[in-house]
Amino acid sequence: MTLRFLVLGDSLAYGTGAASPADTLGSRLTRVLRESGRATELSVVAVPGATSLGLAEQLDRAAAADADLALLVVGANDITRQVPADRSAAALGAAVRTLRQRGTAVLVVPTPDLSSVAWVPPAFRAVVAGICDQLRARQTLAAEAAGGVVAPVGPELAARFAADPSLFSADRFHPSSAGYARVAEALAPHLLQLAADRRDAAA
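Residues numbered from 1 in each chain as written. Predicted model: local features only at pLDDT ≥ 70, side-chain atom pairs only at ≥ 80, totals over all residues. Heavy atoms only, no water.

**So, helix α6 (residues 125–145)**
For step 1, the next point in the chain: In a regular helix each residue adds 1.5 Å, so 21 residues correspond to 30 Å; α6 covers 30 Å between its end C-alpha atoms and thus fits that length.
For step 2, the next point in the chain: Buried within α6 we find V128, A129, C132, L135, R136, Q139, T140, A142 and A143.
For step 3, the next point in the chain: In this fold, the buried residues of α6 make contact with α4 (76–80), α5 (85–101), β4 (105–109) and β5 (149–150).
For step 4, the next point in the chain: Just beyond α6, the residue with positive phi is G147, at close to 100°. (Helix = DSSP H or I, 4+ residues; strand = E, 2+ residues; numbered from the N terminus. Expected span 1.5 Å × (residues − 1). Buried < 20%, exposed > 50% of the residue type's maximum accessible area, 1.4 Å probe, protein only. Contact = heavy atoms within 4.5 Å.)

Written out as structure tokens, the structure is:
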């Protein structure tokens, strides 16, 4: 039986910065699922520049996909566009709840640590990291309350990106193909576990 895999969210979910479509997060994780023995069909409705407030529109477009498993990546633009944290978290929770009501298992990747991107002056990195931490905590509570699973990969990935500039694309904001490889590597165990849990529950 084919696993229907949906990816929604922002430019990281879309794959901005990757050298080719095969290097995007969705494509990489689809290969992981297939290599685990699951026939997998990928649908991507993510929109570059999206905030959590745009997730409802993406869900409308994804309704026909009837997804079994979803990856939701959002939060970076909520920080850069100064979306109030309570509205951001509420919109994320509502999106996860809608997916769960559709029978979709959801893995959420909340706000990344933006303190290592090039446009953040060293003197402000601690402040930016703190703002990201606060939103991530709110997102985690909202996503879990709605029935989603939150991938606890933020600190690990932040350390890797801060230490290796090659993980950023030319714009020094989005991941490069190598960066997406690192993100996919970190997410793979959590996605595979969620897929396995869903399969066991359906057995």
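**Quick word on the nonpolar core**
Soluble globular proteins: nonpolar side chains tend toward being buried together.
For step 1, the next point in the chain: In this structure, F5, L25, L29, L69, L71 and L187 are the most contacted members of the largest nonpolar core, which totals 39 residues.
For step 2, the next point in the chain: The greatest single-element share of this core, amounting to nine residues, is contributed by helix α8 (residues 177–202).
For step 3, the next point in the chain: Discounting residues that sit within four places of it in the chain, F5 has contacts with G26, L29, T30, L33, T40, E41, L42, S43, L69, A70, L71 and L191.
For step 4, the next point in the chain: Ranked by size, the runner-up nonpolar core spans 19 residues in total, among them L8, L59, L99 and V108. (Core = buried A, V, L, I, M, F, W, Y, C linked by side-chain atoms within 4.5 Å.)

**Looking at unusual backbone geometry**
For step 1, the next point in the chain: Even without glycine at this site, D66 takes up a positive phi of about 50°.
For step 2, the next point in the chain: Inspection of the secondary structure puts D66 in the loop between α3 (55–62) and β3 (69–73).
For step 3, the next point in the chain: Of note in the backbone geometry, R172 takes a positive phi value of approximately 60° without being a glycine.
For step 4, the next point in the chain: For R172, the position within the fold is in the loop between α7 (154–163) and α8.
For step 5, the next point in the chain: For R172, a relative accessible area of 28% gives the class partly exposed.

**So, the sheet that holds β5**
For step 1, the next point in the chain: Ordered in space as β2-β1-β3-β4-β5, the five strands form an open sheet in which the pairing is parallel. On the outer flanks of this sheet lie β2 (40–44) and β5, each paired with one strand and no other.
For step 2, the next point in the chain: Where strand β1 (residues 3–9) lies against β3, five bridges are found, and the strand directions are parallel. If you follow F5 over to β3, its bridge partner there is L69. (Pairing = 2+ DSSP bridges.)

**Observations concerning the pairing of β3**
For step 1, the next point in the chain: Most of β3 is tucked away: five of the five residues are buried.
For step 2, the next point in the chain: Judged by which residues are buried, β3 turns out to be covered on both faces: L69, L71 and V73 on one side and A70 and L72 on the other are all buried.
For step 3, the next point in the chain: Pairing analysis gives five bridges linking β3 to β4, with the strands arranged parallel. Counted as the bridge partner of A70 is V106 from β4.

**Considering the environment of D66**
For step 1, the next point in the chain: Assessed through its relative accessible area of 42%, D66 is described here as partly exposed.
For step 2, the next point in the chain: Here the alpha-carbon distance between D66 and L99, two residues 33 residues apart in the chain, equals 9.4 Å.
For step 3, the next point in the chain: Looking at D66, its side chain comes within polar contact range of the side chain of R4, at 3.0 Å. (Polar contact = N/O pair within 3.5 Å; in protein donor to acceptor, adjacent residues only side chain to side chain.)

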